[in-house]
Amino acid sequence: MYSQKFGILILLLSVLIGACGSTQQITESDEIPLNKTTQATLWVQNAAEYTAITTQSYNTAQRMLPLSLEDSFWTASLNQQENENHLSLPPAIIMDIDETVLDNSPFQARMIKQNKAFNIADWNAWCNEANADPVSGALEFTNFAAENGVAIFYISNRSYEVEDATRKNLIEKGFPVSDSIDTIMSNGEEPDWNSSKVERRKVVEENYRILMAFGDDLNDFLHAKGITQDKRAALVEENANKFGRMWFVLPNPVYGSWEDALFDFEDDLTEDEQNSILQERLNSKNN
């Protein structure tokens, strides 16, 4: 889930943010060990702007929902756009979980304070606590959609082994979770359900008209694994009319596939090679 190898990236970005903004720069100390995600985690947990962005996304979606329900041709699914088999299907919305409906920044704060990198044991322990709070705006929107007859499907790359705890977390925080069908679709729950989410989306698309999709990663909307930054940018441009209308991206500066895309998904680069690429990626408009 979290990338563990790009400390240089966030350190460079932190220097830039500190130089051009008023956010206090965090440096290595006994209290707060230097960590590549410190600045981003502080922003998520403290910036009113972060709350404003997520609230804005969900408010916009709530205003669009009645229109999507009325228009039987409306679909947020690329597969369904290729045919008209979805016209008579009941409506549904597909949601990512982490950093889309549930806020895991306390977990990241723990890793920073304990001077630890992401690891699956600590991550699963956090998930099993079932105590992540809602991302601002998510609870109100999902309940509004459910009250209007829309099924909510949560497609998450959390492991199937923490699905029960995830279900408990969602229910206890007030999210609509069906008690008659499985609407939480976890990584590894079925043999062909992997991190790409493509197969899981297909299962929902076969039975529901997809009104909207929500996520913090491009792969929450279409297949974008292992492709270059240029191709990712082209996909965004190609689907520009969907964002803010039927596709809603939540901000996540802490982790995501955007990190791997910086290096064109090459995982055998030396630190010097990574640093050289990062220098090229920093566009200063000077040369």
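I will try to describe carefully the structure that is included in this document. Computed from a prediction, not measured in an experiment: that's the story for all the values here. (Residues numbered from 1 in each chain as written. Predicted model: local features only at pLDDT ≥ 70, side-chain atom pairs only at ≥ 80, totals over all residues. Heavy atoms only, no water.)

## Describing the overall build of the protein chain
Working step 1: In terms of helices and strands, the protein chain carries 12 helices and 7 strands.
Working step 2: Across the 287 residues that make up the protein chain, the buried fraction comes to 45%.
Working step 3: Relative to all contacts within the protein chain whose residues are 6 or more apart in sequence, the contacts with residues 24 or more apart total 74%.
Working step 4: Counting every atom, the protein chain has about 14500 Å² of accessible surface; 48% of that belongs to carbon and sulfur. (Helix = DSSP H or I, 4+ residues; strand = E, 2+ residues; numbered from the N terminus. Buried < 20%, exposed > 50% of the residue type's maximum accessible area, 1.4 Å probe, protein only. Contact = heavy atoms within 4.5 Å. Areas by Shrake-Rupley, 256 points an atom, 1.4 Å probe, with all protein chains shown as cover.)

## Examining the environment of Val 249
Working step 1: Assignment of secondary structure puts Val 249 in strand β7 (residues 247-249).
Working step 2: Overall, Val 249 belongs to the partly exposed group, its relative accessible area being 42%.
Working step 3: In the structure, Val 249 is positioned 149 residues away from Thr 100 in sequence and 8.3 Å away in space, judged by C-alpha atoms.
Working step 4: Setting aside anything within four residues of it in sequence, one finds Val 249 in contact with Ser 57, Gly 215, Phe 221 and Phe 243.

## Concerning the nonpolar core
Working step 1: With 59 residues, the main nonpolar core has Ile 93, Val 101, Tyr 154, Met 212 and Phe 214 as its most contacted residues.
Working step 2: Ignoring any residue separated from it by four or fewer positions in sequence, one finds Val 101 in contact with Tyr 58, Met 95, Asp 96, Asp 133, Pro 134, Val 135, Ala 138, Tyr 154, Leu 170 and Phe 175. (Core = buried A, V, L, I, M, F, W, Y, C linked by side-chain atoms within 4.5 Å.)

## Overview of the pairing of strand β4 (residues 151-159)
Both faces of the sheet carry side chains from a regular strand, because those side chains alternate between them.
Working step 1: Burial analysis of β4 places 7 of its 9 residues in the buried class, the great majority of the element.
Working step 2: Sheet analysis places strand β1 (residues 91-95) next to β4, joined by 4 bridges and oriented parallel. Bridge assignment links Met 95 to a residue of β4, and that residue is Tyr 154.
Working step 3: As judged from the 4 bridges shared by β4 and strand β5 (residues 184-187), these two strands associate in the parallel manner. In the sheet register, Ile 155 faces β5, and the bridge partner there is Met 185.
Working step 4: Traced from β4 through helix α8 (residues 163-173) to β5, the parallel crossover comes out right-handed. (Pairing = 2+ DSSP bridges. Right-handed = clockwise from strand over helix to strand, strands pointing away.)

## Considerations on the sheet that holds β1
Working step 1: If you walk across this open sheet you meet the 5 strands as β5-β4-β1-β6-β7, and the pairing is parallel. Both outer strands of the open sheet, β5 and β7, are each paired with one neighbouring strand and no more. On average, adjacent strands in this sheet sit at an angle of 20° to one another, irrespective of strand direction.
Working step 2: Of the pairings in the sheet, the one linking strand β6 (residues 209-215) to β7 comprises 3 bridges and is parallel in character. Residue pairing for β7: Phe 214 is matched across the bridge by Phe 248.
Working step 3: Helix α7 (residues 138-147) contacts β1, β4 and β6 of the sheet and is inclined by roughly 160° relative to β1.
Working step 4: α8 rests against β4 and β5 of the sheet, and its axis sits at about 140° to β5. (Axes fitted to C-alpha atoms, helices over the stretch in contact; angles between N-to-C directions.)

## Comments concerning the pattern of salt bridges
Working step 1: Evaluated as defined, the whole model comprises 12 salt bridges.
Working step 2: Between Glu 259 and Lys 36 there is a salt bridge whose closest N-O contact spans 3.5 Å. Taken together, the positions of Glu 259 in helix α11 (residues 257-262) and Lys 36 in the loop between α1 (7-20) and α2 (38-46) put the pair 223 residues apart, joining distant regions of the chain. There is no split in this pair, since Glu 259 and Lys 36 are both buried.
Working step 3: Of the charged contacts in the structure, one is a salt bridge between Asp 264 and Arg 281, with a shortest N-O distance of 3.7 Å. Here Asp 264 is found in the loop between α11 and α12 (271-281), whereas its partner Arg 281 is found in helix α12, with 17 residues between them in sequence. (Salt bridge = Lys/Arg side-chain N within 4 Å of Asp/Glu carboxyl O.)

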